[in-house]
Amino acid sequence: MKPMTGMKALVRVASKAAQQSYSPYSLFPVGAGLMTAGGAIYVGCNVENASFGLTICAERTAVANAVSDGHQKFKALAVVGGMGKAVHPCGACLQVLAEFCEPDFPIILAPLNDLSKMEVTSLGALLPHTFVLKKKA
Ligand code: THU
């Protein structure tokens, strides 16, 4: 996918969000920056729990933050995590993004220790077959 304007800024914001990560069990901080259609940015970090399955990923935290503030249309997501090479969002987070975003939705990835190693991909490339259910309202 081609680079978009504001990509570097979104990656920087995501890397700052990773600094807020609560990840004492994995020691694997992840940060996300989600840009709304209007250009506002909402952040998220992973929030772990002693009951491991209750852990929330950075991407879903960012979506919940934005939706809670009244936003449901998004332009791009940056995810920063891992060392040396970028991490890809997990399947659960991709499915949550697919609730609000089209397949061409840009996802920008970068490792924590070198933000210049940015990769741009899309929701459709990472999750080609979304689970879809007809909405009742
Ligand atoms: N994690 C994320 O925040 N996003 C993902 O897409 C995958 C994994 C977090 C969850 C957990 O706190 C840590 O990374 C290790 O799995």
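See the structure shown above.
Residues numbered from 1 in each chain as written. Predicted model: local features only at pLDDT ≥ 70, side-chain atom pairs only at ≥ 80, totals over all residues. Heavy atoms only, no water.

K.L.:
What am I meant to see in the pairing of strand E2 (residues 41-45) here?
P.N.:
If a strand is regular, its side chains alternate between the two faces of the sheet. As paired strands, strand E1 (residues 30-36) and E2 are joined by five bridges and run antiparallel to one another. Note that in E2 the partner of Gly 33 across the bridge is Val 43. What sits between the antiparallel neighbours E1 and E2 is a turn of four residues, in which Gly 39 has the positive phi angle 95 degrees. (Pairing = 2+ DSSP bridges. Helix = DSSP H or I, 4+ residues; strand = E, 2+ residues; numbered from the N terminus.)

K.L.:
In this structure, what is going on with a nonpolar patch on the surface? I would like to understand it.
P.N.:
Residues Tyr 22, Tyr 25, Val 47, Phe 52 and Ile 56 make up a contiguous nonpolar surface patch of about 500 Å² in total accessible area. Position of Phe 52 among the secondary structure elements: in the loop between E2 and helix H2 (58-68). (Patch = residues over 30% accessible without salt bridge, like charges linked within 9 Å, V, L, I, M, F, W, Y side chains within 5 Å. Areas by Shrake-Rupley, 256 points an atom, 1.4 Å probe, with all protein chains shown as cover. Salt bridge = Lys/Arg side-chain N within 4 Å of Asp/Glu carboxyl O.)

K.L.:
Honestly, the sheet that holds E1 in this entry has me stumped. Any pointers?
P.N.:
Remark on secondary structure: sheet strands pair via backbone hydrogen bonds, oriented parallel or antiparallel. Judged by pairing direction, the sheet is mixed, and its five strands sit side by side in the order E2-E1-E3-E4-E5 without closing on themselves. Single-partner strands in this sheet number two, and they are E2 and strand E5 (119-122). Averaged over all neighbouring strand pairs, the angle between strand axes comes to 20 degrees, with direction disregarded. Where E1 meets strand E3 (residues 74-81), seven bridges bridge the pair, whose relative direction is antiparallel. (Axes fitted to C-alpha atoms, helices over the stretch in contact; angles between N-to-C directions.)

K.L.:
I'm lost on the side chain of Glu 59 in this one. Help?
P.N.:
Take Glu 59: it is sitting in helix H2. It turns out Glu 59 is buried and unbridged, and the closest side chain with the opposite charge, Arg 60, is 6.5 Å from it. Every residue in contact with Glu 59, bar those within four places of it in the chain, is listed here: Val 30, Ala 32, Leu 77, Val 79, Pro 89, Cys 90 and Cys 93. (Buried < 20%, exposed > 50% of the residue type's maximum accessible area, 1.4 Å probe, protein only. Lys, Arg positive; Asp, Glu negative; His and termini not counted. Contact = heavy atoms within 4.5 Å.)

K.L.:
What's the story with the environment of Asn 113 in this structure? I'm lost.
P.N.:
Positionally, Asn 113 belongs in the loop between strand E4 (106-110) and E5. Using a relative accessible area of 47% as the deciding quantity, one classes Asn 113 as partly exposed. For the pair Asn 113 and Met 83, spaced 30 residues apart in sequence, the C-alpha separation works out to 5.7 Å. In this view, Asn 113 contacts Gly 82, Met 83 and Gly 84; residues no more than four positions away in its chain are not counted.

K.L.:
Would you take a moment to explain the layout of surface pockets for this structure?
P.N.:
Of the pockets and cavities examined, the largest pocket occupies roughly 340 Å³. Looking at the largest pocket, it is lined by 17 residues, and the ones nearest its centre are Ala 98, Glu 99, Thr 130, Phe 131 and Val 132. Within the residue set of the lining of the largest pocket, elements represented by two or more residues are helix H3 (91-98) and helix H4 (123-126). In the lining of the largest pocket, the residues fall into 10 nonpolar, four polar and three charged. Empty space within the second largest pocket amounts to approximately 170 Å³. Residue lining of the second largest pocket: 13 residues in total, with Phe 28, Val 30, Asn 46, Cys 57 and Glu 59 positioned closest to the centre. In the lining of the second largest pocket, the residues fall into eight nonpolar, three polar and two charged. (1 Å grid on protein atoms, 1.4 Å probe; cavity = no way out; pocket = protein on both sides within 12 Å on 5 of 7 lines; lining within 4 Å. Points joined across faces, edges and corners; volume = space filled by probe spheres on them. Nonpolar A, V, L, I, M, F, W, Y, C, P; charged D, E, K, R; others polar.)

Worth remembering: the numbers are spatial, not functional.
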